[in-house]
Every structure is written in C-alpha cells, then in structure tokens.
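Residues per chain, in single letters:
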Amino acid sequence: MADFLEYSSISSEIRGAMCPGKLKMTDTAMVFKSDKTGKVEQINSNDIELLNYQRFVGSFGLRVFLKNGSLHRFLGFTGDEAKIAEFVKKNYKLDMLEKELSMRGWNWGAVQFKGAVLSFDVENKTSFEIPLNHVSQCNVGKNEVTVEFHRNDDAPVSLMEMRFHIPTSESADIDPVEAFQENVMKQASVISVSGDAIAIFREIHCLTPRGRYDIKVFQSFFQLHGKTYDFKIPTSSVLRLFLLPHKDNRQMFFVISLDPPIKQGQTRYHFLVTLFQMDEETNIELPFTQEELKEKYEDKLTKELSGPVYEVLGKIMKVIINRKLTGPGTFIGHSGTPAIGCSFKAAAGYLYPLERGFIYVHKPPVHIRFEEIATVNFARSGGSTRSFDFEIELKTGTVHTFSSIEKEEYSKLFDFIVSKKLNVKNTGGKASYKDDFADSDNEGEPDAYLARVKAEAKERDEDDDGSDSEESTDEDFNPNQQESDVAEEFDSNVESSSEDSDEEDGSGGDSDGSGSDGGREKKRDKKKEKVKEKSPKKKEKKEKKEPSAKKSKTKDSGAPKRPASAFMIWMNATRDQIRKDNPGISITDVSRKGGEMWKELKDKKEWEAKAAKAKEDYAKAMAAYKASGGGGDADGGSKGEKRKKKPATPKKSADTSMMGDRFKSKEFIEDDSSSEDDREKKDSKKSKTPESTDKKKKSKKSDSESEMSESEDDEDMSEGSD
C-alpha cells in the first residue's frame, strides 16, 4: 500500500467559503495547499482526536476534529471511503466513522460545546456545527442570544448572525443565557487588548495603508495604531513576510501579506507595505523570562534585541507569527540590486524576482507565484526601443503587464526566466535584446516589427494601384492654367511690387514730393515694358509644369469596396474578445493589443486564405462593374463630364494694378465684408478711379488751365494718401 494519498480537487472550508486546493495524506500529517493563496496548512497526525466522513450530494467529506478543539472540513472525495479508512486505521490508529447529519427541518434542539465548536443536535444527530473562532461578537437579551460572525468577502453568501432562543429555568442556579454567552466568548475570535505588548515600534512609515503608525505586537495579533485609523490583525491572517531592499540601497521594504485583508472604508488592503531607513536602529527588551523564551519560542528570540529597526521587527514577526521571512533570491539586475524599476498600471515601482515567484511594490502590491503562471511574454513598450514590457499571464487568464523596463535588464531577466523553467511565449530561445527588439535608431540593425509594417503598407499600395485607375479626377484647382482665377495671384509680379509701393507712400512722384502726372506716366511705361519682357518666360514655365502636374483623385462611390487584409479580417473577429478579456481597455490599447497578438500568432493560414478569397471576389466584382459601364471618368475626366468652371475674368490693366486693390484676388474682393461706404472713403483717400484716368488719356487737353487743375488734384490726393 502507498505511504501517502494525494487528491488534487479538494475544497477546504475557510470562514464559510469553499477554497479549492490539494490534499496530501502522509503517515505523519495531513497537508492542504490552497490554489488561491498558496498557503500550506499542516495537521499533524498526533493532534487528531476524531476523523469522520460525512455524505454529501455526489461526494463525501472528511471532518477532522483536533485535540485543541478546532475543526477542519474537507470536501470533494469520490468513491474512496474504504481506501481512506484503511489508510487512517494503519497510520493514524483511528477508526473513520460516519458522522450522521439530521435531515429533520426542526429548529428546536440541544446545544453542545466541545472545544471550539458549537454543535446543534436534533434527536442525537448533528444538524449543524459552528467553529467558534468565526464568531466576532455575542450579545444577550432576556431569553435570547445573538451570535455575530466575521464577514468573508470571498464567500458568495455570508452568515452574519444567528439567534438562539433559550427558555429560562427557575430551578437552575445559573442563568442559561449567561452560561451560553460565556461558553461562546471563551473560544470566540474577539480581539481585545489585554496585557502588555511584546514589542512596540513607534512612528513607522506605512506606504499601504498610507500614513504613520505605531506597530504593537501581541501574542495572538498585532495592532496598527494611527492618528485616524486603528487596525487589529490576527496572526492567523498573515500569509507571508517579505524583506526587500530598495533599489537605492539606503531603504528597506517590509511587506506583510494578509488573507483576509484589512479594510479602510470600502478599500481592502491585502498587503501591508512599510518602509525603513537602513541606518535607523533600535533596542528592545522582551517581557519574557529565559525559561519562557526557551519553552515558547525554542530560544529563537533573546531577551534583548538590538540592530536596525527592520531587522528587529522582522525577527519578532517571524517567531511570533511562525511564518517564513522571504528575502530576495539569486537574481541581480543591471543596477546591481535585486529590484527592477518598472511601471504597473498608473504608478512606478519595483519588481522583485524571487525564488518561487514575483512581487511588485508598492502601488498596488502584487505577489505572483510561479505555479500560478501560464506564460510570460516580452513585448515592445509602446513602439519604443529603449525599454520593453514584461507580461505575465496567469492560468486564470489574468494578465499583469509591467512596462517601461530598461533594455539593459532584458538578458538578466531572460536568464532568470529560463532557469525557473517558465514558459516564454514569444522567443525561440534567444537571450539578446537586439535579436528580439531591434533598435530602429541604429541603421545596421534590422527591425522585424518595422519590416512587417512596411510589407503590409506595400501590399496595401499595390491594391490601391489596381482600384485607383477607375476613380475620377478633380481639376478644379490648377494654378498653372492661364484661365484660372487663382493663376493671377499665383503668378503675380513680385519685383514690381516694390516700385508700386513707392508710388503709394509719401515719397512717390517727383523728388520734391509734388507727384506730377508726367512722372507717373513714365513709370507706368517702364512697368509695362517689364511685364511684356517677363510674360514669355511665364508661359514657358507654365508649359513645363503642365505635363508633370499630378491630378487629385476622388473615390467612385459606386465601385466595389477594396478587400481587407488578413490582419484586419482577424482583428474584426477578435476585437470583442480582446475587450472582454481586458475590461475598461481604450480603443488605442485594443489596436495595440491586437497588433501584438497578431504578431505572436503562429498559424495565420486561415486568415490569409480569407484575405485571398476576398481579393479574388473583389477582382470579379470590379470586372463586372467595368463591364456594366462603371468607372467611366477614370482617365482624368475624358469620358465623364468635367465640373463647370466660373468664367475667368480678364487681367487688370497696368493702370489699375497701381491701385490698392491690385494685391487682392478675385475671391478676396468678392468675399470682402466691408460696406460700400467704407470702400468709397478708401477710394477718396487713395488715387482717382481708373475711368477718370482713361478719360484724361483720351482727351489730351492742351490748354494749361486743365493741366494745372489736374496736377492740383493729384497733389491733393497724394497728401490724402499721406
């Protein structure tokens, strides 16, 4: 017969909730390991007083009653009653009898107290049992006792209180109600500060919950006493203790893992994170005699303890709580410390690879055991090549992403992962950062991610070339055409503007500032000659530009839709699942996550086949569309009708170009919001209208009086312009 029995799908009752795990029965002990927390609970065979089995629907359970009065229950066994009974008889020297339960629906019976268990019996059969260490308070009335329980947030349904009606008896010397309450309170888990604390640490800096707290260590619990909040934490709720050095080598983290967590309002804290300076020291004298230290703690503590505060606190906690104090493992990062600087969620912190897991401090603290991990993944950090992300996917499907890790940590972390035999998701045994995440800033190094993006863009462009030939063109804007309205503004004579501006300012006209008409006419003639000289060159430039001008394209609304690539077909099918697996994820993160998943996808044949099929269907649809007469204006508008243009206005004369309006294009003049009155005022301040100037040229008056009047008018206008 085997020396041990092992069962993998067993649940243990913990504060009203069934917690799955593994049970191993050896010849000396029963060991249960929780799948959720990894906590190991061991029951020595010498401590077992009774071991019964109880029948349930489709299975049976074990009821283990210990000599100290505590009770343990395990559920999920199927068809091995005889095998377990034989094993218990041989190794534990106990008879495994059946514990019959009362199936009567009565609520009237007898209460028995045995150890730390309250048993309610109906007709000598147990109806239910209550471990009294789950009781938080017991209140009495006239003939009634109210028992309140600790709340368990992990239980789908929590029993908060029970009420027992106890009839009074005149013949009894002791009140049965008070006797009931006294028996309950003896074993109830009611934390009351009684006696002196074993050790007190003043003004400890707590990161979670945030603040300064006094830590008082008692025999069965320890207390956090702050200015606003006060926490009393049973030692039984402590899972693990961690002592982790800060990356600066001047501070030390002391972390306490709790289950159940402590509460502050609606916030629950599964970890207590304290921070100590390494140079702070203390000296504590414990209130025990040498005999008590030897008997209770097996000389693991001395009467006087001195040294750094974190070291003294860790030693006392380790012995009083009876938990292992976990420190950093063999991992040493690029900085020479076991801490890796990174970001988790919205805050920066430190990731510590331990011998049996990872722990992140401090906001929020996370502890991940190796046995919970399904795969780990190294990913590029948001397109940057100077850092990377480290993703840990649990067997439950949860993914923890630690981002912005320096690339120098890659080889160290990769070697550690390989040594712990964790499943790496996206590498083929390489341990080089440049091989996995090439630096695109360095020209000599290939970038696989960039190459894939370029290949997809090239394929997309090839598809565009086949479909754009059927699209129409738009020729509304072409500044090179002579008849275009915009061409006047585009081909304006820049050199002549300096001469025109001289005429409009106060120094225009003759040297004496008189501004005679003869001087103006000479300048106009010079300007006409310059315009005539430069106009042939403009035409040559237009003729050269016209053949190379690109035509803008407009999409034909009736043409078949261009087919999607393999990635887009896969992304459309997977987008909802990504959102479901990552609640609250943004649209940008969905696309980024999809790109990473597509990159890691090994078998893409299915989606590539769908993309090829879509491309083939598109080609057929396009052929049918052309055959039906679609895409007629695809050759630049030769078959389709061009859009109607507005008639081009003739260029203004040289005389007109002297005026203030010559710098305005047609569009500017038409959209001018100024009123007609404002325009008239502006015209009166500047020069005469073009019509009056033309009349003077045609009439050619020879008498001196008319010439004098015209010159006087010109002088008045020049003064007005000043």
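Every value quoted in this text rests on a predicted model; they were computed, and no experiment measured them.

J.: Could you clarify how one ought to interpret the overall build of the chain in this entry?
T.: If you tally the helices and strands in the chain, you get 18 helices and 33 strands. The long-range share in the chain, meaning contacts at least 24 apart out of those at least 6 apart in sequence, stands at 50%. Within the structure as shown, the chain displays about 43,500 Å² of accessible surface, and the carbon and sulfur contribution to it stands at 48%.

J.: Mind showing me how you'd approach the pairing of strand 5 (residues 48–56) here?
T.: Regular strands place side chains that alternate from one sheet face to the opposite one. For strand 5 and strand 6 (residues 59–66), the ladder comprises eight bridges, and the chain directions are antiparallel. In the sheet register, Leu51 faces strand 6, and the bridge partner there is Val64. Where strand 5 folds back onto strand 6 in an antiparallel hairpin, the turn is made up of two residues, including Gly58, whose phi is positive at roughly 75°. Two elements, strand 5 and strand 8 (residues 97–98), share two bridges in a ladder whose sense is parallel. Of the residues in strand 8, the one forming a bridge with Asn52 is Leu97.

J.: Please explain the sheet that holds strand 20 (residues 251–264) as it appears in this structure.
T.: Hydrogen bonding along the main chain pairs the strands of a sheet, whether they run parallel or antiparallel. Taken in spatial order, the eight strands line up as 18-17-16-15-21-20-19-24 in an open sheet, and their pairing is mixed. Because the sheet does not close on itself, it has two edges, and the strands there are strand 18 (230–234) and strand 24 (325–326). Here strand 17 (residues 221–225) runs beside strand 18; their pairing, made up of five bridges, is antiparallel. Along strand 18, the bridge assignment pairs Phe221 with Pro234.

J.: I'm lost on a negative patch on the surface in this one. Help?
T.: On the surface, Asp279, Glu280, Glu281 and Glu311 cluster together to form a negatively charged patch. Within the secondary structure, Glu281 sits in strand 22 (residues 281–285). For Glu281, a relative accessible area of 62% puts it in the exposed group.

J.: Which parts of the structure should I look at to understand helix 12 (residues 587–600)?
T.: One turn of the α-helix equals 3.6 residues, which is why residues spaced by three or four share an orientation. End to end, helix 12 covers 20 Å across 14 residues, agreeing with the expected 20 Å (1.5 Å per residue, within 8%). Of the positions making up helix 12, those classed as buried are Val590, Lys593, Gly594, Gly595, Glu596 and Trp598.

J.: Is there a simple way to think about the pattern of salt bridges in this case?
T.: Pairing between side chains of opposite charge can happen when their charged atoms approach one another. Evaluation of the coordinates by the stated rule reveals 19 salt bridges. For Glu13, the salt bridge identified is with Arg73, shortest N-O distance 2.6 Å. Highlighted residues: Glu13 in strand 1 (residues 5–14) and Arg73 in strand 7 (residues 71–77), separated in sequence by 60 residues. Lys425 is the partner of Glu600 in a salt bridge, and the nearest nitrogen-oxygen pair spans 3.9 Å. Residue Glu600 is located in helix 12, and its partner Lys425 is located in the loop between helix 5 (410–419) and helix 6 (433–436); the two are separated by 175 residues in the primary sequence. What makes Lys425 partly exposed here is its relative accessible area of 39%. Three or more residues are tied together by salt bridges with common partners; here these are Glu13, Arg63, Arg73 and Glu129.

J.: How do you make sense of unusual backbone geometry when you look at a structure like this?
T.: Among all residues except glycine, the phi angle is most often negative; among peptide bonds, the trans geometry is most common. Here the bond from Val361 into His362 is cis, since omega is 15°, no more than 30 degrees from zero. Tracing the sequence through the fold places His362 in the loop between strand 27 (357–361) and strand 28 (366–369). Although it is not a glycine, Glu203 adopts a positive phi angle of roughly 50°. Along the polypeptide, Glu203 turns up in strand 15 (residues 199–208). Of note in this structure, Lys345 is not a glycine but carries a positive phi near 60°. Given a relative accessible area of 70%, Lys345 falls into the exposed group.

J.: I would appreciate a short explanation of the packing of helix 11 (residues 566–581) against helix 12 in the present structure.
T.: Between two packed helices, what matters for the description is the angle formed by their axes and the separation of those axes. Interaxial distance between helix 11 and helix 12 falls to 10 Å at its minimum, and their mutual angle equals 120°. In this view, helix 11 runs oblique relative to helix 12, as classed from their interaxial angle. Regarding helix 11 and helix 12, the two cross each other, and that crossing is right-handed. When helix 11 is examined against helix 12, the residues Ala566, Phe567, Trp570, Met571, Thr574, Arg575, Ile578 and Arg579 are found in contact with a partner set consisting of Val590, Ser591, Lys593, Gly594, Gly595, Met597 and Trp598. Partitioning the contact of helix 11 with helix 12 into residue classes produces eight nonpolar, four polar and three charged.

J.: Hey, could you run me through the sheet that holds strand 13 (residues 144–149) in this one?
T.: With antiparallel pairing, the three strands of this open sheet are ordered in space as 12-13-14. Every other strand in the sheet has two partners, leaving strand 12 (135–140) and strand 14 (161–165) as the edge strands with one partner each. Averaged over neighbouring strand pairs, the angle between their axes works out to 15° when direction is ignored. Where strand 12 meets strand 13, five bridges bridge the pair, whose relative direction is antiparallel. Paired with Val140 across the two strands is Val145, which belongs to strand 13.

J.: I would appreciate a short explanation of the nonpolar core in the present structure.
T.: Side chains of nonpolar character tend, in soluble globular proteins, to be buried together. Core analysis: the biggest nonpolar cluster contains 39 residues, and Phe201, Phe222, Ile256, Leu286, Ile316 and Met317 have the highest contact counts within it. Broken down by element, the residue count for this core peaks at nine residues, all from helix 4 (residues 309–321). With near-sequence residues (within four places) excluded, Leu286 lies in contact with Ile198, Leu293, Leu301, Thr302, Lys303, Leu305 and Ile316.

J.: Is there a simple way to explain the packing of aromatic side chains in this structure?
T.: Working definition: an aromatic ring pair is given by the centre-to-centre distance plus the angle between the planes. Enumeration over the complete set of coordinates arrives at 29 aromatic pairs. Taking the centre distance of 6.3 Å and the plane angle of 20° together, the rings of Tyr229 and Phe231 count as stacked. A relative accessible area of 38% means that Tyr229 is categorised as partly exposed. Ring geometry for Phe358 against Phe416: centres 6.1 Å apart, planes inclined by 70°, an arrangement best described as edge-to-face. Here Phe358, found in strand 27, pairs with Phe416, found in helix 5; they are 58 residues apart in sequence, far enough to count as distant. The exposure class of Phe358 is buried, given its relative accessible area of 1%. Between Lys24 and the ring centre of Phe4, over which it is positioned, the NZ or CZ distance is 4.9 Å.

J.: Explain helix 13 (residues 605–627) here, please?
T.: Taking 1.5 Å of rise per residue, 23 residues should cover 33 Å, and helix 13 covers 33 Å from first to last C-alpha, within 8% of that figure. Residues Trp607, Ala611, Tyr618, Met622 and Tyr625 constitute the buried set of helix 13. Looking at the residues trailing helix 13, positive phi occurs at Gly629, about 95°.

Parameters at a glance
- Residues numbered from 1 in each chain as written.
- Predicted model: local features only at pLDDT ≥ 70, side-chain atom pairs only at ≥ 80, totals over all residues.
- Heavy atoms only, no water.
- Helix = DSSP H or I, 4+ residues; strand = E, 2+ residues; numbered from the N terminus.
- Contact = heavy atoms within 4.5 Å.
- Areas by Shrake-Rupley, 256 points an atom, 1.4 Å probe, with all protein chains shown as cover.
- Pairing = 2+ DSSP bridges.
- Patch = residues over 30% accessible without salt bridge, like charges linked within 9 Å, V, L, I, M, F, W, Y side chains within 5 Å.
- Salt bridge = Lys/Arg side-chain N within 4 Å of Asp/Glu carboxyl O.
- Lys, Arg positive; Asp, Glu negative; His and termini not counted.
- Charge placed at Lys NZ, Arg CZ, Asp CG, Glu CD.
- Buried < 20%, exposed > 50% of the residue type's maximum accessible area, 1.4 Å probe, protein only.
- Expected span 1.5 Å × (residues − 1).
- Axes fitted to C-alpha atoms, helices over the stretch in contact; angles between N-to-C directions.
- Parallel < 35°, antiparallel > 145°, perpendicular 65-115°, else oblique.
- Left-handed = near helix turned anticlockwise from the far one by under 90°.
- Nonpolar A, V, L, I, M, F, W, Y, C, P; charged D, E, K, R; others polar.
- Core = buried A, V, L, I, M, F, W, Y, C linked by side-chain atoms within 4.5 Å.
- Phe/Tyr/Trp six-rings, centres within 6.5 Å; stacked < 30°, edge-to-face > 60°.
- Lys NZ or Arg CZ within 6 Å of the ring centre and 35° of its normal.

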